[in-house]
Amino acid sequence: LFPQGQLLAKSWTSLFGGQSGAALRGPIYSFNGRNVLTDALWPQRLAWHGSTPRGGHARRWDCQGWRSSGTAEGMATALGEGRLLAGHRHNCSTP
């Protein structure tokens, strides 16, 4: 539960495995208190994770060593997709 008592997901498995009820519930706040799901500061609303769909390290797609002038890609998932580790490659420069 969130400190405010809001449920993020029904279970760990549903959050990462895409089972029924896997859609994130309730807001997700940044460290400065902004709601990532509704604030215009996050137009892409991606969860960057650098993982394979099974939770392993996606070594080639983790943005490690990324530089702003580079074209590296990393694994990220749209927060509304329901499968947090489904992941698609996105340019590491994506805000």
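A brief look at the structure comes next. (Residues numbered from 1 in each chain as written. Predicted model: local features only at pLDDT ≥ 70, side-chain atom pairs only at ≥ 80, totals over all residues. Heavy atoms only, no water.)

**Points about the state of the cysteines**
All told, the structure shown has one disulfide when counted by the stated rule. Note that Cys63 is cross-linked by a disulfide to Cys92, the S-S spacing being 1.9 Å. Between Cys63 and Cys92, the disulfide has an S-S torsion of -95° and is therefore left-handed. Placement of the pair is Cys63 in the loop between strand E1 (46-48) and strand E2 (73-78) and Cys92 in the segment after strand E3 (88-91), with a sequence separation of 29 residues. (Disulfide = S-S within 2.5 Å. Helix = DSSP H or I, 4+ residues; strand = E, 2+ residues; numbered from the N terminus.)

**Brief notes about the environment of Gln44**
Within the secondary structure layout, Gln44 lies in the loop between helix H1 (12-17) and E1. Considered as a pair, Gln44 and Ala78 are 34 residues apart in the sequence and their alpha carbons are 7.3 Å apart.

**Here's the deal with the pattern of salt bridges**
Oppositely charged side chains can form a pair if their charged atoms are brought close together. In total, this model carries two salt bridges according to the counting rule given. Between Arg34 and Asp39 there is a salt bridge, with the nearest N and O atoms lying 3.3 Å from each other. For Arg34, a relative accessible area of 35% corresponds to the partly exposed category. Here Glu73 and Arg89 are joined by a salt bridge, their closest N and O atoms 3.2 Å apart. In this pair, Glu73 is assigned in strand E2 and Arg89 in strand E3, connecting sequence segments 16 residues apart. You can call Glu73 partly exposed: its relative accessible area is 28%. With a relative accessible area of 48%, Arg89 lands in the partly exposed category. (Salt bridge = Lys/Arg side-chain N within 4 Å of Asp/Glu carboxyl O. Buried < 20%, exposed > 50% of the residue type's maximum accessible area, 1.4 Å probe, protein only.)

**Examining the sheet that holds E2**
Strand order in the open sheet made by the three strands is E1-E2-E3, with antiparallel pairing throughout. Each end of this open sheet is capped by a strand with a single partner; those strands are E1 and E3. Looking at each pair of strands side by side, their axes are set apart by 55° on average, direction ignored. Direction of pairing for E1 relative to E2: antiparallel, over a ladder of three bridges. (Pairing = 2+ DSSP bridges. Axes fitted to C-alpha atoms, helices over the stretch in contact; angles between N-to-C directions.)

**Regarding the environment of Arg67**
With respect to the helices, strands and loops of the structure, Arg67 is situated in the loop between E1 and E2. Judged by relative accessible area, which is 56%, Arg67 ranks as exposed. Residues Arg67 and Cys92, 25 residues apart in the sequence, show an inter-C-alpha distance of 8.5 Å.

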